[in-house]
Amino acid sequence: MATAGGGSMADPGSRSLLRLLSFCVLLAGLCEGNSVERKIYIPLNKTAPCVRLLNATHQIGCQSSISGDTGVIHVVEKKEDLQWVLTDGPNPPYVVLLEGTLFTRDVMEKLKGRSGRIAGLAVSLAKPSPASGLSPSVQCPNDGFGVYSNSYGSQFAHCRAFQWNKVGDGLAYEDFSFPIFLLEDENETNVIKQCYRDHNLGQNGSAPAFPLCAMQLFSHMHAVISTVTCMRRSFIQSSFSINPEIVCDPLSDYNVWSLLKPINVSGMLEPDDRVVVAATRLDSRSFFWNVAPGAESAVASFVTQLAAAEALQKAPDVTTLPRNVMFVFFQGEIFDYIGSSRMVYDMENGKFPVQLENIDAFVELGQVALRNSLELWMHTDPMSQKNETVLNQVEALLSTLEKSGAAVPAVVLRRLNQSQPLPPSSLQRFLRARNISGVVLADHSASFHNLYYQSVYDTAENINVTYPEGQSPEEDLNFVTDTAKALADVATVLARALYQLAGGTSFSDTIEADPHTVTRLLYGFLVRANNSWFQSILRPDLRPYLGDGPLQHYIAVSSPTNTTYVVQYALANLTGKVIDLTREQCQDPSQVPTEDKDLYEYAWVQGPLNANETDRLPRCVRSTARLARALSPAFELKQWGSTEYSTWTESRWKDIRARIFLIASRELEFITLIVGFGILVLSLIVTYCINAKADVLFITPREPGSVSY
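Residues numbered from 1 in each chain as written. Predicted model: local features only at pLDDT ≥ 70, side-chain atom pairs only at ≥ 80, totals over all residues. Heavy atoms only, no water.

Undergrad: I tried to follow the overall build of the chain on my own but got confused; where do I start?
TA: Scanning the chain from terminus to terminus reveals 19 helices and 23 strands. Considering only C-alpha atoms, the chain reaches an extent of 130 × 65 × 60 Å along its principal axes. Only carbon and sulfur atoms are counted for the fraction: they give 53% of the accessible area of the chain, which is about 32,100 Å². (Helix = DSSP H or I, 4+ residues; strand = E, 2+ residues; numbered from the N terminus. Areas by Shrake-Rupley, 256 points an atom, 1.4 Å probe, with all protein chains shown as cover.)

Take a look at the structure:
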């Protein structure tokens with residue numbers, strides 16, 4: 001018997017099919033990768049890291065290793081629980097879940113001293129806020145950058161008279177070698193604690209059995225040592241590399257300023273032109289990046305000044321006053337007076353339309369929301385008053401303030417002993433350049449009343465901004481709180497004083513701040529930024545800046561920040577005028593012969609809702625509210641080691657995240673590795689054998705042929 005055709009060659013199509021199947025299996029594995037990761041890890045989405053900041057001499061903050069730090073979770077609810085992570089626990093390193101009330105210098109020094117057993121720290125928010133106070137700032141803020149030094153007012157330098165922030169423990173100015181995260185979401189905190197209870201609690205005091213609940217923290221920082229080092233590295237990279245790798249950035253933003261009467265900003269005021277300056281600060285900070293509620297340390301004061309600006313602008317004779325009034329909101333004051341030092345530098349170098357010699361008086365709002373017995377204290381500088389001319393000017397300034405407050409019974413202005421120094425304030429930077437008459441208004445006569453200075457707990461609750469239960473967000477927005485009424489009274493006193501200092505006499509008693517303005521500002525900055533009023537005063541493209549929570553007031557490195565924009569547009573809407581221009585004309589006022597961009601700023605804002613509350617009525621607002629750069633002169637001059645100007649920078653990073661998962665014992669991990677390696681070797685052998693015998697395993701089917709007998 002013979003066949004018509006045959007053969008034993010492997011079919012090339014079969015081999016192609018085998019390769020295709022292998023590729024499909026590999027692709028399926030890759031596609032399932034994300035799904036597997038989601039089954040292993042639980043990401044923590046509402047966290048805030050501690051990041052690295054640097055100045056001319058130091059680095060502060062925290063960081064993880066480049067691949068993240070992993071440790072077994074241990075919950076510390078009381079100091080006795082620290083013993084497990086510091087000495088007794090058999091499975092180091094640990095990630096400590098620390099109750100907010102224990103986030104103190106004493107506890108952190110213990111953890112820092114045993115960094116080999118600590119992989120990281122997750123801090124939960126304390127509710128309610130710690131009654132004894134919690135301030136991670138130093139006791140002498142901005143030490144060395146104010147007016148007092150060993151050569152000028154040495155008895156006041158370095159807070160020798162007394163410490164302004166008595167509860168400050170300086171924790172935010174320490175350097176930690178492990179990552180520290182804030183847990184902002186109570187639900188995520190509860191998930192972590194439940195994972196800990198399910199897996200990490202041993203029975204009857206014994207060590208817990210594997211698998212254990214662990215946490216991984218990623219927050220590796222690129223900059224090290226100091227601003228001098230990181231800026232030099234960035235400068236070299238920028239000079240010689242096409243794709244430079246910048247490792248740090250200067251803290252910077254913009255000051256917000258406006259004038260009661262418009263001036264030509266392309267020129268300079270004449271030396272005889274007199275200006276009264278009303279100033280306050282915009283920024284705050286805490287231990288954690290971009291968590292800076294700053295209710296008492298910043299928001300209450302700049303809200304009060306905004307309300308005062310609105311009240312003063314309504315006076316009938318403001319355009320004819322002998323002197324002008326300039327409202328300034330300084331950014332970066334927490335970090336060694338970035339904003340005020342830059343404005344003074346620009347004034348001295350002819351880069352700002354108002355010069356130092358134009359300043360007739362300087363009135364600054366410090367912390368004003370926590371007054372006791374209605375008292376508002378007037379702080380002045382004893383050193384500059386050794387000059388008789390300045391002494392007389394300061395006396396006249398205080399008398400004007402007292403006269404303005406006499407008709408406002410809810411505010412009692414008090415003088416202080418002339419031997420007492422100024423608190424940390426922007427006025428100090430101006431006095432450093434020139435003797436001027438100035439005063440700082442504050443709710444404290446000595447140390448701060450604020451127990452949460454530069455803390456995550458300096459929130460609306462700290463200044464008693466609360467709302468009745470059951471109200472809608474719109475009702476909360478317009479509900480006038482007791483704090484709003486109190487701050488409106490302070491704004492009234494300030495506006496009347498500024499009116500008189502500017503030479504006004506006729507309408508002082510009619511000037512009154514609007515509590516509704518104050519309450520809407522407090523609600524927007526401290527409770528919910530995304531509200532109907534804030535939406536109406538902003539440009540349409542700025543609406544994404546408004547979140548459902550409060551705004552944060554950290555200066556940052558990308559500018560302008562949310563706070564800066566909102567304050568600028570609030571100031572513009574409160575003091576400006578709605579004019580009849582189209583959108584195109586508003587955005588380019590040079591098209592209109594009667595408008596002048598050197599005198600005014602123009603903004604096309606969303607406007608209020610129409611009668612049906614379905615669409616907005618956009619409009620053009622003309623005002624004098626402008627921005628001025630708030631970047632330390634040290635970076636302008638490339639003096640990165642300066643002791644005259646702020647040198648704060650923020651490190652760059654690639655990835656910041658946190659997640660929890662179950663971790664196996666080292667033995668099981670080793671066994672898994674060996675088994676996996678064995679399977680890999682076996683699969684390679686099997687693949688080799690199949691490939692070697694492919695001509696036998698995969699033969700070409702015979703074609704049907706003729707059969708002969």
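Undergrad: Explanation requested: the pattern of salt bridges in the structure shown.
TA: Where charged atoms of side chains with opposite charge meet at close range, the side chains can pair. Under the defined criterion, the tally for this structure stands at 25 salt bridges. Here the residues in one salt-bridge network are Arg105, Glu109, Lys112 and Glu174, joined through shared partners. (Salt bridge = Lys/Arg side-chain N within 4 Å of Asp/Glu carboxyl O.)

Undergrad: I keep staring at the sheet that holds strand 18 (residues 577-579) and nothing clicks. Help me out?
TA: Hydrogen bonds between backbone atoms are what pair the strands of a sheet, whose relative direction is either parallel or antiparallel. Pairing is antiparallel in the open sheet, where 3 strands are placed in the order 18-20-19. If you trace the sheet from one side to the other, it starts and ends with strand 18 and strand 19 (601-605), each paired once. Adjacent strand axes in the sheet meet at a mean angle of 35°, parallel and antiparallel pairs treated alike. Looking at chain direction, strand 19 and strand 20 (residues 619-623) are connected through 5 bridges and run antiparallel. (Pairing = 2+ DSSP bridges. Axes fitted to C-alpha atoms, helices over the stretch in contact; angles between N-to-C directions.)

Undergrad: Can you help me understand the domain arrangement of the chain in this one?
TA: The extent of an interface is frequently quoted as the accessible surface area lost upon association of the parts. Annotation of the chain at the domain level lists domain 1 (38-134 + 169-221 + 656-668), domain 2 (252-576 + 626-631) and domain 3 (581-623). Computed over C-alpha atoms, the centres of domain 1 and domain 2 are 39 Å apart. Listed as interface residues are 27 residues of domain 1 and, on the opposing side, 14 residues of domain 2. Overall, the association of domain 1 and domain 2 removes approximately 1,600 Å² of surface from exposure, summing both partners, and the carbon and sulfur fraction of that is 67%. The largest share of the area that domain 1 buries against domain 2 comes from Leu53, Leu134 and Tyr173, three residues that together contribute 27% of it. (Domains from an automatic or database assignment. Contact = heavy atoms within 4.5 Å. Buried area = accessible area lost by both parts, 1.4 Å probe.)

Undergrad: It is not clear to me how the layout of surface pockets should be interpreted in this structure. Could you clarify?
TA: Rolled over the atoms, a probe with the dimensions of a water molecule shows which regions are left empty. By volume, the largest pocket amounts to about 1,300 Å³. For the lining of the largest pocket, the element with the most residues is strand 2 (residues 47-49), which contributes 3 residues. Here the lining of the largest pocket is composed, by residue class, of 22 nonpolar, 12 polar and 8 charged. Looking at which domains feed residues into the lining of the largest pocket, each of domain 1 (38-134 + 169-221 + 656-668) and domain 2 (252-576 + 626-631) supplies at least three. Taken as a whole, the second largest pocket spans an internal volume of roughly 550 Å³. Here the lining of the second largest pocket is built from residues that sort into 9 nonpolar, 10 polar and 4 charged. Here the lining of the second largest pocket spans two domains, and each of domain 1 (38-134 + 169-221 + 656-668) and domain 2 (252-576 + 626-631) adds at least three residues to it. (1 Å grid on protein atoms, 1.4 Å probe; cavity = no way out; pocket = protein on both sides within 12 Å on 5 of 7 lines; lining within 4 Å. Points joined across faces, edges and corners; volume = space filled by probe spheres on them. Nonpolar A, V, L, I, M, F, W, Y, C, P; charged D, E, K, R; others polar.)

Undergrad: Would you mind going over empty space enclosed by the protein with me for this structure?
TA: Taken as a whole and judged by the stated rule, the model has 9 cavities of 30 Å³ or more. Roughly 180 Å³ of internal volume is contained in the largest cavity. Looking at the lining of the largest cavity residue by residue, the class counts come to 13 nonpolar, 5 polar and 1 charged. Looking at the second largest cavity, its volume works out to about 130 Å³.

Undergrad: Can you walk me through helix 8 (residues 338-348) in this structure?
TA: In terms of residue burial, helix 8 counts as a mostly covered element, since 10 of its 11 residues are buried. When we look at burial in helix 8, the residues that qualify are Ile338, Gly339, Ser340, Ser341, Arg342, Met343, Val344, Tyr345, Asp346 and Met347. Buried residues along helix 8 sit in contact with strand 11 (252-259), strand 13 (324-330), strand 14 (359-365), helix 10 (427-433), strand 21 (626-631) and helix 17 (633-636). Looking one or two residues beyond helix 8, the residue adopting positive phi is Gly350, at roughly 65°. (Buried < 20%, exposed > 50% of the residue type's maximum accessible area, 1.4 Å probe, protein only.)

Undergrad: I'm lost on the environment of Ala223 in this one. Help?
TA: Its location among the elements puts Ala223 in the loop between strand 9 (212-221) and helix 6 (227-240). Using a relative accessible area of 1% as the deciding quantity, one classes Ala223 as buried. If near-sequence neighbours (up to four positions away) are discounted, Ala223 is found in contact with Arg52, Leu54, Cys230, Val247, Cys248 and Ser651.

Undergrad: Would you mind going over the side chain of Asn165 with me for this structure?
TA: Structurally, Asn165 is set in the loop between strand 7 (118-124) and strand 8 (180-183). Given the relative accessible area of 1%, Asn165 is considered buried. Polar contacts involving the side chain of Asn165 include one to the side chain of Ser135, which spans 3.0 Å. Leaving out residues up to four positions away in the same chain, Asn165 has contacts with Ser135, Ser137, Val138, Gln139, Pro141, Phe448, Asn450 and Tyr453. (Polar contact = N/O pair within 3.5 Å; in protein donor to acceptor, adjacent residues only side chain to side chain.)

Undergrad: Help me understand the sheet that holds strand 8, please; the structure alone is not making it clear to me.
TA: Strand order in the open sheet formed by 8 strands is 1-23-9-5-6-7-8-2, with mixed pairing between adjacent strands. In this open sheet, the two strands that pair with only one neighbour each are strand 1 (42-44) and strand 2. This sheet shows a mean twist of 30° between the axes of neighbouring strands, independent of strand direction. Here 9 bridges tie strand 9 to strand 23 (residues 653-663), and the two strands are oriented antiparallel to one another. The residue bridging Ala214 from the neighbouring strand is Phe661, located in strand 23.

Undergrad: Could you clarify how one ought to interpret the packing of aromatic side chains in this entry?
TA: What describes a pair of aromatic rings is the distance from one ring centre to the other and the angle between the planes of the rings. Evaluation of the coordinates by the stated rule reveals 26 aromatic pairs. Through a chain of ring-to-ring contacts, three or more aromatic side chains come together here, namely Phe103, Phe176, Phe178, Phe287 and Phe288. Across from the ring centre of Tyr173, 5.1 Å away, lies the NZ or CZ of Arg285, which sits over that ring. Across from the ring centre of Tyr600, 4.4 Å away, lies the NZ or CZ of Arg622, which sits over that ring. (Phe/Tyr/Trp six-rings, centres within 6.5 Å; stacked < 30°, edge-to-face > 60°. Lys NZ or Arg CZ within 6 Å of the ring centre and 35° of its normal.)

Undergrad: How should I be thinking about the UniProt feature "transmembrane region" (unreviewed entry) in the chain in this particular structure?
TA: According to UniProt, the positions carrying the feature "transmembrane region" (unreviewed entry) are residues 670-690. As annotated, residues 670-690 has a helix share of 100% and a strand share of 0%, and its two end C-alpha atoms lie 30 Å apart. (UniProt positions renumbered as here; feature names shortened; annotations may be inferred.)

Undergrad: Quick question: what am I supposed to make of the confidence of the model for the chain here?
TA: With 94% of its residues at a pLDDT of 70 or more, the chain has an overall mean of 92. Long-range and interchain partners of residues 1-10, a stretch whose pLDDT sits below 50, account for 15 contacts in this model, where long-range means more than four residues apart. (pLDDT = per-residue confidence, 0-100.)

Undergrad: Where do I start with the state of the cysteines in this structure?
TA: Joining two cysteines, a disulfide is a covalent bond between their sulfur atoms. Under the definition given, this model contains 5 disulfides. One disulfide bridge connects Cys50 with Cys62, the sulfur atoms lying 2.0 Å from each other. Torsion about the S-S bond of the Cys50 and Cys62 cystine: about 85°, corresponding to right-handed handedness. Placement of Cys50 in the loop between strand 2 and strand 3 (53-54) and of Cys62 in the loop between strand 4 (59-60) and strand 5 (69-76) is noted, with a sequence separation of 12 residues between them. The burial state of Cys50 is the same as that of Cys62; both residues are buried. Counting only the cysteines that take part in disulfides, in the order they occur along the chain, gives the pairing 1-2, 3-4, 5-6, 7-8, 9-10. (Disulfide = S-S within 2.5 Å.)

Undergrad: Would you take a moment to explain the environment of His58 for this structure?
TA: Along the chain, His58 turns up in the loop between strand 3 and strand 4. For His58, a relative accessible area of 48% corresponds to the partly exposed category. If we ignore the near neighbours within four places in the chain, the residues touching His58 are Leu53, Ile225 and Ser226. Of the polar contacts made by the side chain of His58, one reaches the side chain of Thr57; its length is 2.6 Å.

Undergrad: Please clarify how unusual backbone geometry should be interpreted in this entry.
TA: Most peptide bonds take the trans configuration, and most residues that are not glycine carry a negative phi. With an omega of 0°, the peptide bond running from Pro92 to Pro93 counts as cis. Structurally, Pro93 is set in the loop between helix 3 (82-88) and strand 6 (94-98). Note the cis peptide between Lys127 and Pro128, where omega equals 0°. The residue Pro128 is located in the loop between strand 7 and strand 8 in this model. For Ser373, which is not a glycine, the phi torsion comes out positive at approximately 55°. You can see Ser373 is positioned in the loop between strand 14 and strand 15 (375-379).

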